[in-house]
Amino acid sequence: MRLSKSHKFNKLWQRRYEELKQFKAKTGHCRVPSRFTENKALGMWVSVQRREYKLLITDQPSHITIERAEALNAIGFVWKATAYIKPLDDEAWQRRYEE
């Protein structure tokens, strides 16, 4: 019995989602680098989820469903990767400037 394309896609999505949950358990966050050398497929998948979500919220055709977006939200997925770049405080900035 051959599996349909959508069934394979769903299984792959679920597998990457589980890998993301394992990543979070290990690191404490869901900010997988797009070029994550330990699991390149996961890094790419996270990038695709962000791109597809952006399409979804702008009412464009997207492969991510609201249910999947909610599942990612439930585990603390960060939709905008740059949202977690921590700015240097004034003292740290000054030290770096003087280097």
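Because the structure is a prediction, the values reported are computed rather than measured. For every chain, the first residue of the written sequence is number 1, and numbering continues from 1 along that sequence. Local features in this predicted model are restricted to residues of pLDDT 70 or higher, and side-chain atom pairs are both shown and tallied only at a pLDDT of 80 or more, whereas totals for entire chains, interfaces and linings draw on every residue. The side-chain values count all of the structure's non-hydrogen atoms but skip hydrogen atoms and water molecules.

A few words now on the overall build of the chain. Strands are runs of DSSP state E lasting at least 2 residues, helices are runs of H or I lasting at least 4, and numbering of each runs from the N terminus. The secondary structure content of the chain amounts to four helices and zero strands. The linear arrangement of helices and strands in the chain, starting from the amino end, is α-α-α-α. Burial here depends on accessible area, computed with a 1.4 Å probe over protein chains only, as a share of the maximum for the residue type. Under 20% is buried, over 50% is exposed, and the range in between is partly exposed. Counting only residues that meet the buried cut, the chain has 25% of its 99 residues in that class. By definition, residues are in contact when any of their heavy atoms lie within 4.5 Å. The contacts in the chain between residues at least 6 apart in sequence include a share of 46% that link residues at least 24 apart. Note on areas: Shrake-Rupley, 1.4 Å probe, and residue coverage restricted to the protein chains presented here. If you sum the accessible surface of the chain, you get close to 7900 Å²; carbon and sulfur atoms cover 54% of it.

Before going further, it helps to spend a moment on helix α2 (residues 40-57). With 18 residues, α2 should cover 26 Å at 1.5 Å per step; its first-to-last C-alpha distance of 26 Å lies within 8% of that length. Tucked into the core, α2 has its buried residues touching α1 (5-27) and α3 (66-74). Phi turns positive, to about 55°, at D59, one or two residues after α2. Under the convention used throughout, the expected extent of a helix is 1.5 Å for every residue step, that is, one less than its residue count.

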